Amino acid sequence: MQGVPPAMLEFIIQNNIVCHAVEAMLFASISCAILGVIITQVQISSIGFTMAHAAFAGAAVGMFLSLNVTICAILAGVCVAFLIGPLAEKARVSPDTALGLLFGISMAVAIFFIAYMQTLGQGFSAMGLLFGDVISLYREEIYLLALISVVAVVFVVVLYKEITGIIFNKRIAESVGIRVKPVYYAMLFVIALTVALCLPIIGGLLIYVWLVTPAAIALQFCYRLSAMFLVAPIVAAAISVSGALAGLEYSLPVAPLTAVLFSVVFIAAVFLSPKRRVTFRKS
Amino acid sequence: MTPTDPIIRLENVYTAYEGSDRPTLTDISFSVGRGEFVVVGGPNGAGKTTLLETINGMLPITHGTATVCGHDVRNEGVRVRCRVGYLLQNFAFDPLTPFTVEEVVLMGRFGRIGLIRKPGKEDHEAVEKALHLLGIEDLARRPIGHLSGGQQQKVLLAQNLARDPQVLLLDEPFSNLDMFARESINKLLSRLVASGIAVVIVSHAFDDLPDCRVRVVVMHDGRISLDRECLPADVGQVDGRISLDRECLPADVGQVIRHAGSAPCYA
Ligand SMILES: Nc1ncnc2c1ncn2[C@@H]1O[C@H](COP(=O)(O)OP(=O)(O)O)[C@@H](O)[C@H]1O
Ligand SMILES: [Mg+2]
């Protein structure tokens, strides 16, 4: 394979397919876990959830129309993020209901096009959108994933003060002079971007596991936010890479296997958490 | 802005909440000078909280002009909030909140520090000073969610002091505090006022105020129904604490306050 740029982990992992899969999972898990800490702590899980499914619908439409799947997914995710507020206001429904509406529409669109593509004989690639596909990745896609994990890290490092303020309390953040609105929308934008890029690897039905579980695991052990921002991506990367290696070794579907691994680790973390123990001793 | 200019100046201000067909504040004209201590009273729903949030620009002003610390509140709300402390009403944090007291107090300076820049030595010193002023240095490393309601309230007050504010807006700060804490915070407030900070405090406890000149503002239905300075001579001394003399307040104020359901104890 001369003329092809070398894979980044090629020196450690000989097999090219395995190498690409591991790299993809590594980068996807890092960016999802970092943003997952934000999503769970700002308590916008339902926004993340709805954006993930909208991106999924966008990708399905893009695939059907033979457009760039990633760009369609990004557009759909971003649109939803920016529609929630106005929709809630104009339709006089609660943001919660607005999200429910958008989620329903997203799923309907996605399922419609995936089912339709199956009747046209394009079922295989459509299934990839649902459950993820780490085998048939292009080199460029992996570079893009590496880039988005860098974007996620830089976003959190640069706007750390503002993000912690919003996590603490949006109204208090506003009262101390933080520009809450622009940072909040930037947050939603980066989440939409990440979700859309990770979608083809992890799949529209599972991406939520990558967003929420690492943060939930980190929360079992961390008392401080800064620790969560470190622990979540490390745990996510370790689980995702193990899942990819095991899945490819035993020919199991990688993303679902890894999702199960995440849940197992989460349950173990709940039992091992020091937060539920009373360490008081009467001397 | 000269030192004698009012630090808060509202002129014919109307404020309305989104989707509301009538203003919550109606034609408010209200100025506060440096080192002035203003107590705002009135029944629930009179617009006291709304008045504070209009002053610091968290609520949009629909008509009129507001200038605070030399900045136009409408266009430079963020600048105003970097100089104005605002203690929100009724806050309680979940035990899982992943912030220590120190981190919460440091947050008070985030607006001043500005985008991208990191907190420096000066900021950490301001945090220590604020913790010291409230006597809660020993809580610095505790998670805020593990503290009692009154302790949390002190932490939030420290957060506002860490900002070196020129104006301090306090929304019912005494609701969770015990008698000793009230007394020590009242002492602290009178020192702050003496140093030139303007304090606007929403409170029902008119009998429990710091030892300084007090201006009483009573709101009713989105309007200011009484605005009167009480000279120290008008104020009766009880048990070392200050309470407003009955004669100091016109009869209607007593009515207004009694409507609120709280029973202010006059000397
Ligand atoms: N978010 C809101 N949306 C609409 N109306 C509000 C909102 N918050 C308060 N109000 C109304 O504004 C009026 C003043 O409220 P507020 O300033 O909180 O009163 P208080 O004097 O008890 O602090 C009340 O009549 C209340 O119904
Ligand atoms: Mg109020």
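Analysis parameters
Residues numbered from 1 in each chain as written. Chains lettered and ligands numbered in written order. Predicted model: local features only at pLDDT ≥ 70, side-chain atom pairs only at ≥ 80, totals over all residues. Heavy atoms only, no water. Helix = DSSP H or I, 4+ residues; strand = E, 2+ residues; numbered from the N terminus. Rg over C-alpha atoms; globule rule 2.2 N^0.38 Å. Buried < 20%, exposed > 50% of the residue type's maximum accessible area, 1.4 Å probe, protein only. Areas by Shrake-Rupley, 256 points an atom, 1.4 Å probe, with all protein chains shown as cover. Lys, Arg positive; Asp, Glu negative; His and termini not counted. Charge placed at Lys NZ, Arg CZ, Asp CG, Glu CD. Pairing = 2+ DSSP bridges. Donors = N, O, S within 2.8 Å, 3.2 Å for Na, K, Ca; no water. Axes fitted to C-alpha atoms, helices over the stretch in contact; angles between N-to-C directions. Parallel < 35°, antiparallel > 145°, perpendicular 65-115°, else oblique. Contact = heavy atoms within 4.5 Å. Buried area = accessible area lost by both parts, 1.4 Å probe. Salt bridge = Lys/Arg side-chain N within 4 Å of Asp/Glu carboxyl O. Patch = residues over 30% accessible without salt bridge, like charges linked within 9 Å, V, L, I, M, F, W, Y side chains within 5 Å. Left-handed = near helix turned anticlockwise from the far one by under 90°. Near = heavy atom within 4 Å. Polar contact = N/O pair within 3.5 Å; in protein donor to acceptor, adjacent residues only side chain to side chain. Phe/Tyr/Trp six-rings, centres within 6.5 Å; stacked < 30°, edge-to-face > 60°. Disulfide = S-S within 2.5 Å.

Caption draft 1: Seen up close, the overall build of chain A. Counting secondary structure elements, chain A contains 12 helices and zero strands. Its helices and strands in sequence order give chain A the pattern α-α-α-α-α-α-α-α-α-α-α-α, from N to C terminus. Here chain A has a C-alpha radius of gyration of 19 Å; the compact-globule value for 283 residues is 19 Å, and the two agree. With respect to the principal axes defined by its C-alpha atoms, chain A has extents near 65 × 55 × 35 Å. Looking at chain A residue by residue over its 283 residues, the buried ones come to 52%. For chain A, the accessible area works out to roughly 13,100 Å², and carbon and sulfur atoms hold 70% of it. Side-chain charges of chain A comprise 14 positive and 10 negative groups, with the mean position of each set lying 21 Å from the other.

Caption draft 2: Spatial organisation of the sheet that holds strand E2 (residues 25–32) of chain B. Residue and element names in this part refer to chain B. Taken in spatial order, the four strands make up an open sheet running E2-E1-E4-E5, and their pairing is antiparallel. Where the open sheet ends on each side, the last strands, each with one partner, are E2 and strand E5 (71–72). Looking at chain direction, strand E1 (residues 8–15) and strand E4 (residues 61–68) are connected through six bridges and run antiparallel. Directly across from Glu 11, in E4, lies its bridge partner Thr 65.

Caption draft 3: Representation of the coordination of the magnesium ion (ligand 2) within the structure. All names here are of chain B. At this site the magnesium ion (ligand 2) is bound by Thr 49 (OG1) and Gln 89 (OE1), with donor distances of 2.0 to 2.4 Å. Of this pair, Thr 49 sits in helix H1 (residues 48–55) while Gln 89 sits in the loop between strand E6 (84–87) and helix H3 (101–107), placing them 40 residues apart in sequence. Its relative accessible area of 23% is what places Thr 49 among the partly exposed residues.

Caption draft 4: Fine view of the packing of helix H7 (residues 160–168) of chain A against helix H9 (residues 180–202) of chain A. All names here are of chain A. At their nearest, the axes of H7 and H9 sit 10 Å apart, and the two run at 95° to each other. With respect to each other, H7 and H9 are oriented roughly perpendicular. On H9, the residues touching Glu 162, Ile 163 and Ile 166 of H7 are Val 180, Val 183, Tyr 184 and Met 187.

Caption draft 5: Representation of the interface of chain B and chain A in the model. Every contact between the two is made by 34 residues of chain B and, on the other side, 25 residues of chain A. Carbon and sulfur atoms supply 64% of the area that chain B and chain A bury against each other, a total of about 2,600 Å² over both sides. Contact with chain A buries area across many residues of chain B, yet B:Pro98, B:Phe99 and B:Phe110 alone supply 20% of it, more than any other trio. Counting across the chain B and chain A interface gives two salt bridges.

Caption draft 6: Spotlight on the pattern of salt bridges. Going through the model one piece at a time under the given rule, you end up with 15 salt bridges over all chains. The partner of A:Glu23 in a salt bridge is A:Arg139, with the nearest N and O atoms 3.1 Å apart. Placement of A:Glu23 in helix H1 (residues 16–42) and of A:Arg139 in helix H6 (residues 139–158) is noted, with a sequence separation of 116 residues between them. Taken individually, A:Glu23 and A:Arg139 each receive the classification buried, so the pair is uniform in this respect. Put simply, B:Asp227 and B:Arg215 hold a salt bridge, and the shortest N to O gap is 2.8 Å. With B:Asp227 in strand E10 (residues 223–230) and B:Arg215 in strand E9 (residues 214–220), this residue pair connects regions lying 12 residues apart in the sequence.

Caption draft 7: Highlighting a nonpolar patch on the surface. Residue and element names in this part refer to chain A. On the surface, Phe 112, Tyr 116 and Leu 120 cluster together to form a nonpolar patch covering roughly 320 Å² of accessible area. Mapping Phe 112 onto the fold places it in helix H4 (residues 95–119). Of the residues examined, Phe 112 reaches a relative accessible area of 51% and is grouped as exposed.

Caption draft 8: Structural view of the packing of helix H10 (residues 207–221) of chain A against helix H11 (residues 225–249) of chain A. All names here are of chain A. Close contact between H10 and H11 brings their axes to 8 Å; oriented N to C, the two are set at 120°. In terms of axis orientation, H10 runs oblique to H11. Both H10 and H11 take part in a crossing whose hand is right-handed. Between H10, through Trp 210, Pro 214, Ala 215, Ile 217, Ala 218 and Leu 219, and H11, the contact on the second element is made entirely by Met 228, Val 231, Ala 232, Val 235, Ala 236, Ile 239 and Ser 240.

Caption draft 9: Summary view of the sheet that holds E10(B). All names here are of chain B. The six strands are arranged E6-E7-E8-E3-E9-E10 in an open sheet whose pairing can be described as mixed. A strand with exactly one partner marks an edge of an open sheet, and here the two such strands are E6 and E10. Going across the sheet, the axis of each strand differs from the next one's by a mean of 15°, ignoring polarity. Its contacts with the sheet place helix H6 (residues 149–161) against E6 and strand E7 (167–171), and it is angled at close to 170° to E6. The strands touched by helix H7 (residues 179–194) within the sheet are strand E3 (37–41), E7 and strand E8 (198–202), with E7 carrying the most contacts at an inclination of about 150°.

Caption draft 10: Molecular detail of the site of ligand 1. Residue and element names in this part refer to chain B. Every residue lining ligand 1 is accounted for by Tyr 17, Thr 24, Pro 43, Asn 44, Gly 45, Ala 46, Gly 47, Lys 48, Thr 49 and Thr 50. At 2.8 Å, a backbone N or O of Gly 45 approaches an oxygen atom of ligand 1. In this structure, an oxygen atom belonging to ligand 1 sits 3.0 Å away from a main-chain N or O atom of Gly 47. Protein burial of ligand 1: of its 560 Å² of free accessible surface, 57% is covered by the chains.

Caption draft 11: A look at the side chain of A:Thr194. Structurally, A:Thr194 is set in helix H9. Non-local contacts of A:Thr194, meaning those with residues more than four positions away in its chain, are made with A:Ser31, A:Cys32, A:Leu35 and A:Ile148.

Caption draft 12: Representation of the packing of aromatic side chains. In total, this model carries 13 aromatic pairs over all chains according to the counting rule given. With a centroid separation of 4.7 Å and 20° between ring planes, the pair formed by A:Phe168 and B:Phe93 is classed as stacked. With A:Phe168 in helix H7 and B:Phe93 in the loop between E6 and H3, this pair bridges two chains. We note that A:Phe168, like B:Phe93, is buried. When the centroid spacing of 5.3 Å and the interplanar angle of 80° are considered together, the rings of A:Phe168 and B:Phe99 count as edge-to-face. On the criterion of chain membership, the pair formed by A:Phe168 in helix H7 and B:Phe99 in the loop between E6 and H3 is interchain, its members lying in two chains. Cluster of aromatic residues (ring-pair linked, three or more members): A:Phe64, A:Phe112, A:Phe113 and A:Tyr116.

Caption draft 13: The arrangement of the state of the cysteines in detail. Residue and element names in this part refer to chain A. Under the defined criterion, the tally for this structure stands at zero disulfides over all chains. With no disulfide partner, Cys 19 has as its closest neighbouring cysteine sulfur the one in Cys 198, 18 Å distant. Here Cys 32 stays unpaired: no disulfide links it, and the sulfur of Cys 198, its closest cysteine neighbor, is 3.9 Å away. Residue Cys 32 is classed as buried on the basis of its relative accessible area, which comes to 0%.

Caption draft 14: Quick look at H10(A). All names here are of chain A. Along H10, 12 of the 15 residues are buried, which leaves the element largely enclosed by surrounding structure. Restricting attention to buried positions, one finds in H10 the residues Ile 207, Tyr 208, Val 209, Trp 210, Leu 211, Thr 213, Pro 214, Ala 215, Ala 216, Ile 217, Ala 218 and Gln 220. Buried residues along H10 sit against H1, helix H2 (45–64), H9, H11 and helix H12 (254–272).

Caption draft 15: Summary view of the side chain of B:Asp171. Here B:Asp171 is to be found in strand E7. Although B:Asp171 lies buried, it forms no salt bridge, and the closest oppositely charged side chain, A:Arg171, sits 6.9 Å away as judged by the N-O distance. Once residues lying within four places of it in the same chain are set aside, the contact partners of B:Asp171 are B:Thr49, B:Leu52, B:Tyr86, B:Leu87, B:Leu88, B:Gln89 and B:Val202.

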